[in-house]
Amino acid sequence: MAMCSSFCPRTPFRFRAIKHQNSLQFKPFSTHASSTSPPKDETPARIGFLGLGIMGSPMAQNLIKSGCDVTVWNRTKSKCDPLISLGAKFILWLGCISVLSMSSSAGGAFGYKSSPEEVAASCDVTFAMLADPESAVDVACGKHGAASGMRSGKGYVDVSTVDGATSKLISSQIRSTGALFLEAPVSGSKKPAEDGQLIFLTAGDKSLYETAAPFLDIMGKSRFYLGDVGNGAAMKLVVNMIMGSMMASFSEGLLLSEKVGLDPSVLVEVISQGAISAPMYSMKGPSMVQSLYPTAFPLKHQQKDLRLALGLAESVSQPTPVAAAANELYKVAKSHGLSDQDFSAVIEALKVKLQQRT
Ligand SMILES: NC(=O)C1=CN([C@@H]2O[C@H](COP(=O)(O)OP(=O)(O)OC[C@H]3O[C@@H](n4cnc5c(N)ncnc54)[C@H](OP(=O)(O)O)[C@@H]3O)[C@@H](O)[C@H]2O)C=CC1
Ligand SMILES: O=CCCC(=O)O
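Every value quoted in this text rests on a predicted model; they were computed, and no experiment measured them. (Residues numbered from 1 in each chain as written. Chains lettered and ligands numbered in written order. Predicted model: local features only at pLDDT ≥ 70, side-chain atom pairs only at ≥ 80, totals over all residues. Heavy atoms only, no water.)

Undergrad: Lay out the overall build of the chain with the relevant residues and their values.
TA: A count of helices and strands for the chain gives 13 helices and 13 strands. Relative to its full complement of 358 residues, the chain shows a buried share of 50%. Of the contacts formed within the chain by residues at least 6 apart in sequence, a portion of 64% connects residues at least 24 apart. Just so you have it, the chain exposes about 16800 Å², and 57% of that area is on carbon and sulfur atoms. (Helix = DSSP H or I, 4+ residues; strand = E, 2+ residues; numbered from the N terminus. Buried < 20%, exposed > 50% of the residue type's maximum accessible area, 1.4 Å probe, protein only. Contact = heavy atoms within 4.5 Å. Areas by Shrake-Rupley, 256 points an atom, 1.4 Å probe, with all protein chains shown as cover.)

Okay, here's the thing in structure tokens:
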């Protein structure tokens with residue numbers, strides 16, 4: 001069943017956690033409301049956010065700006081600082097005591113550390129936005145990983161793009177603690193993340209889906225609940241498989257148009273008015289024509305998604321020759337040092353091939 005949101009997230013709400021039977025519910029309340037003290041069974045909802053890269057940072061930022069109580073963690077600690085400046089919490093940890101800090105560098109001299117475990121232990125719902133299956137497993141299930149801090153009444157929402165097997169592994173580790181698990185990879189890139197316009201493809205514990213809904217609605221424009229763990233991951237991989245092939249095909253067209261004496265900028269314009277128009281072509285085309293690839297979606301992640309999508313297709317014996325060919329092109333692009341450029345830099349792999357022939 002697909003569900004879409006209608007919640008308006010832009011008012012400065014705060015969220016209170018309310019114990020309801022065995023589950024947690026979150027009720028928004030306006031920060032402009034009267035100063036009557038909250039009912040005794042209500043405490044501020046605490047949100048954890050692990051992974052502050054291109055996507056995680058703006059997503060966490062939107063939660064903070066909407067009045068949520070957010071605790072952040074990132075492997076490279078300095079990326080926490082802009083969010084701490086906006087009001088995020090950062091936990092320093094010394095094995096037996098945790099202290100809240102105003103800076104990720106505080107405590108360094110004393111050997112203090114922060115860990116996903118500490119964040120999960122101190123929060124009601126913890127989100128994770130990590131690079132790939134390996135980092136998602138490490139942060140959730142590794143030493144001092146989030147699972148070590150989970151227990152009944154808490155929830156873990158993994159918004160990273162991973163394969164179904166990885167998601168199921170993380171789900172089983174989280175659920176073995178009594179906590180709930182939701183996979184919720186996103187469609188939409190850096191700008192939609194900044195604008196709170198992501199599309200969440202969720203699957204897993206339905207009650208956590210409902211609990212997390214107000215927060216998903218702050219970060220996104222719509223959400224789909226797709227059933228069992230693995231379905232959200234599969235939907236995301238199918239979407240990105242199509243996207244990767246589209247971009248490879250677009251790149252071929254841009255280069256071919258130029259080679260036969262056409263202006264590729266005019267091609268972008270022609271495409272934008274016809275049946276194959278897509279926002280992606282209009283957004284990326286003009287900079288691709290100038291050989292500029294400002295990173296919104298790193299090429300290495302697109303290749304990872306194609307690799308995982310091919311694995312998904314293999315698991316059901318589905319032929320995917322177009323995606324397989326596109327994957328090879330992204331691999332060539334990676335081998336030419338383009339991993340951290342935007343995925344539209346895949347066009348450079350074709351230019352390399354052209355040069356090799358001439
Ligand atoms: N960018 C985009 O347009 C979109 C990306 N996605 C998906 O979202 C996820 C994140 O993407 P994005 O933000 O672009 O990626 P980034 O590369 O910018 O960020 C990756 C994050 O993962 C962390 N990380 C990487 N390896 C490890 C590790 N071994 N242990 C702990 N943390 C680690 C990084 O930490 P550190 O800062 O220390 O390197 C960083 O916080 C990916 O799965 C991607 O496929 C989904 C939709 C759109
Ligand atoms: O995973 C990245 C998706 C990027 C997008 O949907 O624009």
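After presenting the structure, the write-up continues.
Undergrad: Report on the side chain of Ser-257, specifying residues and quantitative values.
TA: If you trace the backbone, Ser-257 turns up in helix 8 (residues 231-259). In this view, Ser-257 contacts Leu-262, Pro-264 and Leu-267; residues no more than four positions away in its chain are not counted.

Undergrad: An account of the site of ligand 1 is requested, with residue identities and associated values reported.
TA: In the vicinity of ligand 1, 25 residues are found, and the nearest of them are Asn-74, Thr-76, Lys-79, Ser-189 and Lys-304. Take Asn-74: an N or O atom from its side chain is 2.7 Å from an oxygen atom of ligand 1. A distance of 2.9 Å separates an oxygen atom of ligand 1 from a polar atom in the backbone of Ala-131. Burial of ligand 1 by the protein amounts to 89% of the accessible area it has alone, namely 900 Å². Taken together, the residues of the shell around ligand 1 sort by class into eleven nonpolar, nine polar and five charged. (Near = heavy atom within 4 Å. Polar contact = N/O pair within 3.5 Å; in protein donor to acceptor, adjacent residues only side chain to side chain. Nonpolar A, V, L, I, M, F, W, Y, C, P; charged D, E, K, R; others polar.)

Undergrad: Which residues make up the packing of helix 8 against helix 9 (residues 264-273), and what values go with them?
TA: One way to put it is that helix 8 packs onto helix 9 with a least axis distance of 8 Å and a crossing angle of 130°. In terms of axis orientation, helix 8 runs oblique to helix 9. Judged by the sense of rotation from one axis to the other, the crossing of helix 8 with helix 9 is right-handed. Across the interface between the two elements, Phe-250, Gly-253, Leu-254, Ser-257 and Glu-258 of helix 8 pack against Pro-264, Leu-267, Val-268 and Ile-271 of helix 9. Here the contact of helix 8 with helix 9 is composed, by residue class, of six nonpolar, two polar and one charged. (Axes fitted to C-alpha atoms, helices over the stretch in contact; angles between N-to-C directions. Parallel < 35°, antiparallel > 145°, perpendicular 65-115°, else oblique. Left-handed = near helix turned anticlockwise from the far one by under 90°.)

Undergrad: Would you mind going over helix 8 in detail, with residue names and values included?
TA: Between the first and last C-alpha of helix 8 there are 42 Å, a value that for 29 residues agrees with the 42 Å anticipated at 1.5 Å per step. Just downstream of helix 8, Gly-261 is the residue with a positive phi angle, here 90°. (Expected span 1.5 Å × (residues − 1).)

Undergrad: Explain the pairing of strand 8 (residues 125-128) residue by residue, including any values.
TA: Burial along strand 8 is two-sided: Val-125 and Phe-127 facing one way and Thr-126 and Ala-128 facing the other are all buried. Looking at chain direction, strand 4 (residues 46-50) and strand 8 are connected through four bridges and run parallel. Within strand 8, the position partnered with Gly-48 by the bridge is Thr-126. Judged from the four bridges that link them, strand 8 and strand 9 (residues 155-158) form a sheet pairing that is parallel. Bridge pairing in strand 9 links Phe-127 to Val-157. (Pairing = 2+ DSSP bridges.)

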